[in-house]
Amino acid sequence: MNYTLNTWKHLFKLDPAKEISDEHLDMICESGTDAVIVGGTDNVTLDGVLDLLSRVRRHTVPCALEISNMDAVTPGFDFYFIPMVVNSTEKKWMMDLQHQAIKEYKDIMDWNEMFVEGYCILNQEAKAFTKTNCEMPDEDDVTAYAYMAERVFHLPIFYMEYSGTYGDPSLVKKVKEQLSNTKLFYGGGIENSFQAREMKEHADTIIVGNSIYTDIKKALKTVKAVNDMD
Ligand SMILES: CC(C)=CCC/C(C)=C/CC/C(C)=C/CC/C(C)=C/CC/C(C)=C/CC/C(C)=C/CC/C(C)=C/COP(=O)(O)OP(=O)(O)O
Ligand SMILES: O=P(O)(O)OC[C@@H](O)CO
Ligand SMILES: [Mg+2]
């Protein structure tokens, strides 16, 4: 198993608020994806997170929790992803929740497991966009956010989040050109192998979420699609 995050090409994101059968979960975990992320925006409960964690743990695939609220955090994951929403209009989603959590938990945090994500939400229809009161950035804003993620904040990850819709490959390319050390994650609307390859051409890592629940066969094919590249 590959625990070196900066070599990851493909991730599946499971939503604790959605049902998945054991059969489909097994297929996801055995697909050859680099890791499984557990995360979502609404109705993320500790019970939902624990249920997925215990079921994913029947497999050897690395498993990360993307934290959306502290009530649903539990030990036992290989990695914790901490979003900081760079295009939120409220400091709360970029700084305050993280500040509060660090004040409370810093003594038990293992920074080998923690990865902070500069999170840029680019679909106005996404729940996370509304929840975190984002404003839609233009292309120059997005590339500047990416530049800041690397040069100002030294973040390990810049995440272009189009959750629910397929994004703009030319913007992903421009963002990638800003980054040397910070890894570029792309997620949103990937439903087939062509789209997986098109985004992976520029992003370091692609994330496939909703299509797990809408067309599992096509979702599974995205793994081989990116692993067969270069
Ligand atoms: C108790 C224990 C084991 C502690 C260990 C130590 C530890 C892990 C400490 C945590 C430290 C820390 C700094 C935590 C951060 C706390 C926090 C609450 C941060 C805020 C995160 C945030 C900005 C959330 C907002 C929502 C968001 C951006 C979620 C990201 C995921 C996302 C967008 C998923 C896609 O949503 P989805 O539901 O799929 O959307 P659709 O329905 O539209 O598809
Ligand atoms: O659900 P989709 O649209 O595939 O997006 C994946 C991921 O970026 C969601 O956080
Ligand atoms: Mg989703």
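Rules of the game
- Sequence order as written defines the numbering, with residues in each chain counted from 1.
- As they are written, the chains are lettered A onward and the ligands numbered 1 onward, keeping that order.
- A pLDDT threshold of at least 70 governs which residues receive local features in this predicted model, and a stricter bar of 80 or more applies before side-chain atom pairs are shown or counted, although totals over entire chains, interfaces and linings include all residues.
- Heavy atoms throughout the structure, all of them, feed into the side-chain values; hydrogens and water do not.
- The helix and strand labels rest on DSSP assignments: H or I over at least four residues marks a helix, E over at least two residues marks a strand, and numbering proceeds from the N terminus.
- Taken over C-alpha atoms, the radius of gyration is set against a globule rule of 2.2 Å times the number of residues to the power 0.38.
- To sort residues, take the accessible area from a 1.4 Å probe on protein chains only and compare it with the maximum for the residue type: under 20% means buried, over 50% means exposed, and anything in between is partly exposed.
- For this description, a residue counts as near a given molecule or strand if any of its non-hydrogen atoms is within 4 Å of it.
- Polar contacts, as used here, are pairs of N or O atoms within 3.5 Å; protein pairs need one atom able to donate a hydrogen and one able to accept it. Residues neighboring in sequence count only if both atoms are side-chain atoms.
- Accessible surface is estimated by sampling points in the Shrake-Rupley manner with a 1.4 Å probe; for residues, cover comes only from the protein chains shown.
- When residues are grouped by polarity, Ala, Val, Leu, Ile, Met, Phe, Trp, Tyr, Cys and Pro land in nonpolar, Asp, Glu, Lys and Arg in charged, and all others, Gly among them, in polar.
- Any carboxyl oxygen of Asp or Glu within 4 Å of a side-chain nitrogen of Lys or Arg constitutes a salt bridge here.
- UniProt positions are given in the numbering used here, feature names are shortened, and annotations may be inferred rather than shown by experiment.
- Here, two residues are considered to be in contact whenever any of their heavy atoms come within 4.5 Å of each other.
- Within this analysis, the arc is defined by the directions that extend from the helix axis to the C-beta atoms.

1. Focus on the overall build of the protein
Across its full length, the protein carries nine helices and eight strands. Taking 17 Å as the expected radius of gyration for a compact globule of 230 residues, we find that the protein reaches 16 Å, a close match to that expectation. Over its C-alpha atoms, taken along the principal directions, the protein stretches across nearly 40 × 40 × 30 Å. Each of the 230 residues in the protein was classed as buried or not, and the buried ones make up 51%.

2. Overview of the site of ligand 1
With respect to spatial proximity, 31 residues lie near ligand 1, and among them Thr41, Glu66, Tyr119, Lys127 and Ser163 are the closest. Contact distances for ligand 1 include 2.9 Å between an oxygen atom and a side-chain N or O atom of Lys127. Within the side chain of Asn210, an N or O atom sits 3.4 Å from an oxygen atom of ligand 1. Relative to its unbound accessible area of 1,100 Å², ligand 1 is 93% covered by the protein chains. The set of elements that each furnish at least two residues to the shell around ligand 1 consists of strand E4 (79–85), helix H3 (91–105), strand E5 (114–121) and helix H4 (127–131). Broken down by element, the residue count for the shell around ligand 1 peaks at six residues, all from H3. Of the residues belonging to the shell around ligand 1, the class tally is 18 nonpolar, eight polar and five charged.

3. Looking at the pattern of salt bridges
On inspection of all chains with the given rule, the structure shows eleven salt bridges. Residue Glu66 pairs with Lys13 through a salt bridge whose shortest N-O separation is 2.6 Å. Of the two residues, Glu66 sits in strand E3 (residues 63–66) while Lys13 sits in strand E1 (residues 10–14), which places them 53 residues apart along the sequence. The burial state of Glu66 is the same as that of Lys13; both residues are buried. The closest approach of N and O atoms between Lys173 and Glu177, which form a salt bridge, is 3.2 Å. A network of salt bridges, in which partner residues are shared, links Asp22, Asp51, Arg55 and Arg58.

4. Observations regarding the site of ligand 2
Around ligand 2 sit 13 residues, and of these Lys13, Tyr159, Glu161, Gly164 and Asn210 come closest. In this structure, Gly164 approaches ligand 2 through a main-chain N or O atom, which is 2.7 Å from an oxygen atom. Gly188 places a main-chain nitrogen or oxygen 3.3 Å from an oxygen atom of ligand 2. Within the complex, the protein chains bury 94% of what would otherwise be the 300 Å² of accessible surface of ligand 2. Elements supplying a minimum of two residues to the shell around ligand 2: strand E6 (157–161) and strand E8 (205–208).

5. What about the UniProt feature "binding site: sn-glycerol 1-phosphate" (unreviewed entry) in the protein?
Taken from the UniProt record, the annotation "binding site: sn-glycerol 1-phosphate" (unreviewed entry) applies to Lys13, Tyr159, Met160, Glu161, Tyr162, Ser163, Gly164, Gly189, Gly209 and Asn210. Tracing the sequence through the fold places Ser163 in the loop between E6 and helix H6 (169–176). Judged by its relative accessible area of 31%, Ser163 is partly exposed. Those residues in contact with Ser163, other than ones at most four positions away along the chain, are Asn123, Ala126, Gly187 and Gly188.

6. Points about helix H7 (residues 193–200)
Buried within H7 are the following residues: Ser193, Gln195, Ala196, Met199 and Lys200. In a view along the axis of H7, the buried residues occupy a sector of 165 degrees, so they form one face of it. Those residues of H7 that are buried are in contact with H6, strand E7 (183–187), E8 and helix H9 (216–227). A side-chain oxygen of the first residue of H7 lies 3.1 Å from the backbone nitrogen of Phe194; this N-cap is Asn192.

7. Some points on the side chain of Glu66
Residue class for Glu66 comes out buried when judged on its relative accessible area of 7%. Contacts of Glu66, omitting those with residues within four sequence positions, involve Lys13, Ile37, Val38, Gly39, Phe81, Pro83, Glu117, Tyr119 and Tyr159.

8. Considering the environment of Asp78
Looking at the element boundaries, Asp78 is found in the loop between E3 and E4. The sequence separation of Asp78 and Glu113 amounts to 35 residues, and the corresponding C-alpha distance is 6.5 Å. Apart from the residues within four sequence positions on either side, Asp78 is in contact with Tyr3, Arg57, Val61, Pro62, Cys63 and Glu113. Among the polar contacts made by the side chain of Asp78, one reaches the side chain of Arg57 at a distance of 3.0 Å. A distance of 2.8 Å separates a polar side-chain atom of Asp78 from the backbone nitrogen of Cys63.

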